[in-house]
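If you want the building blocks of each chain, they are given just below.
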Amino acid sequence: MTETGGDERSSWSRALGVISAIGPPVTVATALLFYFGWARAEAQAAQMGLNVSLFGYAVQDYILISINALFLPLVCILAASVVWLALDRWLRRRIEESRGRALILKAAGITALLSGLLVGVSLVLAVVEPARTALFTPYLMALGVLVATWCMRLRRLGRDRTSPALSSEQRAVETSLILSIVTLLLFWGTADYAQAVGRRLALNFEQGVQYMPRAEVYSPKPLGIGSAAVTEVQVGTGDAALYRYDGLRLLVLSGGRFFFLHDGWTPRDGTVIVLPDDNSVRIEFRR
């Protein structure tokens, strides 16, 4: 192994050591899953005109909710990492063997410049017009930072034979800063994606409400549900009054409460009906 390769490995090891010292990986991963789950649930509730605290989700609920918000970003990031590692090995081998080294170093310099411009323009647009920023902008910025850093390290690898290399401490500091920037950008992008998933799920309820479980609620007292789509039928006798409510669709059972939508529900003018999960009402579900 070359001395440059050893310094490179040492810089990554030092950077990862710093990250591990900040917090155990399992704790950090759990906190991130919780946050992304909360972001998805909060955006979904807001799209429905509700506050996420009404659902009474527990920590494990938020962690489970976060899975579908993280699946696609993680798959894309891992797939891109595999391609990047293979390309990095190939280019480093060609540079060390002096096969097309001048062309690779020139292309790396141009690519680093273009990547830096991409990051700068994206950052300005995100600050000036955040409402019009594309959902994938943070991911583009993270990609730009990584590509620019990678290209500069390829150029440094080609020049190390004629100019002094950075010390292992300098490489560790550089790597730690780059990892911090990329982590923050990925955190930003994944949070935005989780919120977009939540909003899309809320909008999908409009097309999918008819496929939710049909619910019939029986109560000894009038519930006064203020939705025209829910009908009240008195099915009891005078001595034993009983009221049945039709047109309800089960959304979720959470926090000791049933959350119902109704037939024809839309995010714009629909009503979410909340009933306690106790003996005050009886609920029958149908397909």
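Residues numbered from 1 in each chain as written. Predicted model: local features only at pLDDT ≥ 70, side-chain atom pairs only at ≥ 80, totals over all residues. Heavy atoms only, no water.

## A word on the overall build of the protein
Assigned secondary structure in the protein consists of seven helices and six strands. Across the protein, helices and strands are ordered from the amino to the carboxyl terminus as α-α-α-α-α-α-α-β-β-β-β-β-β. The 287 residues of the protein split such that 36% are buried. Sequence separation of at least 24 residues holds for 68% of the intrachain contacts in the protein that already meet a minimum separation of 6. (Helix = DSSP H or I, 4+ residues; strand = E, 2+ residues; numbered from the N terminus. Buried < 20%, exposed > 50% of the residue type's maximum accessible area, 1.4 Å probe, protein only. Contact = heavy atoms within 4.5 Å.)

## Quick word on the packing of aromatic side chains
On inspection of all chains with the given rule, the structure shows twelve aromatic pairs. For the ring pair Phe34 and Tyr62, a centre distance of 5.2 Å and an interplane angle of 80° mean the geometry is edge-to-face. Taken together, the residues Phe34 in helix 2 (residues 25–47) and Tyr62 in helix 3 (residues 59–65) connect sequence positions 28 residues apart. We classify Tyr62 as buried; its relative accessible area is 8%. Measuring from ring centre to ring centre gives 5.0 Å for Tyr35 and Phe187, while their planes differ by 20°; the resulting arrangement is stacked. Pair noted here: Tyr35 is in helix 2 and Phe187 is in helix 7 (residues 168–208), with a separation of 152 residues, a long-range link. (Phe/Tyr/Trp six-rings, centres within 6.5 Å; stacked < 30°, edge-to-face > 60°.)

## Focus: the packing of helix 5 (residues 101–128) against helix 6 (residues 137–159)
Relative orientation of the contacting elements helix 5 and helix 6 amounts to 150°, with a least axis distance of 8 Å. Our classification of the angle between helix 5 and helix 6 gives roughly antiparallel. Here the hand of the crossing between helix 5 and helix 6 comes out left-handed. Classifying every residue of the contact of helix 5 with helix 6 by side-chain character gives 14 nonpolar, eight polar and three charged. (Axes fitted to C-alpha atoms, helices over the stretch in contact; angles between N-to-C directions. Parallel < 35°, antiparallel > 145°, perpendicular 65-115°, else oblique. Left-handed = near helix turned anticlockwise from the far one by under 90°. Nonpolar A, V, L, I, M, F, W, Y, C, P; charged D, E, K, R; others polar.)

## Regarding the UniProt feature "transmembrane region" (unreviewed entry) in the protein
Using the residue numbers shown here, the UniProt feature "transmembrane region" (unreviewed entry) corresponds to residues 12–36, 71–91, 103–128, 134–152 and 172–191. Along residues 71–91 the backbone is 100% helical and 0% strand, and the end-to-end C-alpha distance reaches 30 Å. For the annotated span residues 172–191, helix accounts for 100% and strand for 0% of the residues, and the straight-line distance between the end C-alpha atoms is 28 Å. (UniProt positions renumbered as here; feature names shortened; annotations may be inferred.)

## A few points about the side chain of His262
Structurally, the position occupied by His262 is in strand 4 (residues 257–262). Within the structure, His262 has its side chain in polar contact with the backbone nitrogen of Thr271 (distance 3.1 Å). Those residues in contact with His262 that sit more than four places away from it in its chain are Val209, Ser227, Ala229, Val230, Gly247, Leu248, Arg249, Gly270, Thr271 and Ile273. (Polar contact = N/O pair within 3.5 Å; in protein donor to acceptor, adjacent residues only side chain to side chain.)

## Quick look at a nonpolar patch on the surface
On the surface, a cluster of nonpolar side chains totalling about 410 Å² of accessible area is made up of Ile110, Leu113, Leu114 and Leu117. In this structure, Leu117 sits in helix 5. (Patch = residues over 30% accessible without salt bridge, like charges linked within 9 Å, V, L, I, M, F, W, Y side chains within 5 Å. Areas by Shrake-Rupley, 256 points an atom, 1.4 Å probe, with all protein chains shown as cover. Salt bridge = Lys/Arg side-chain N within 4 Å of Asp/Glu carboxyl O.)

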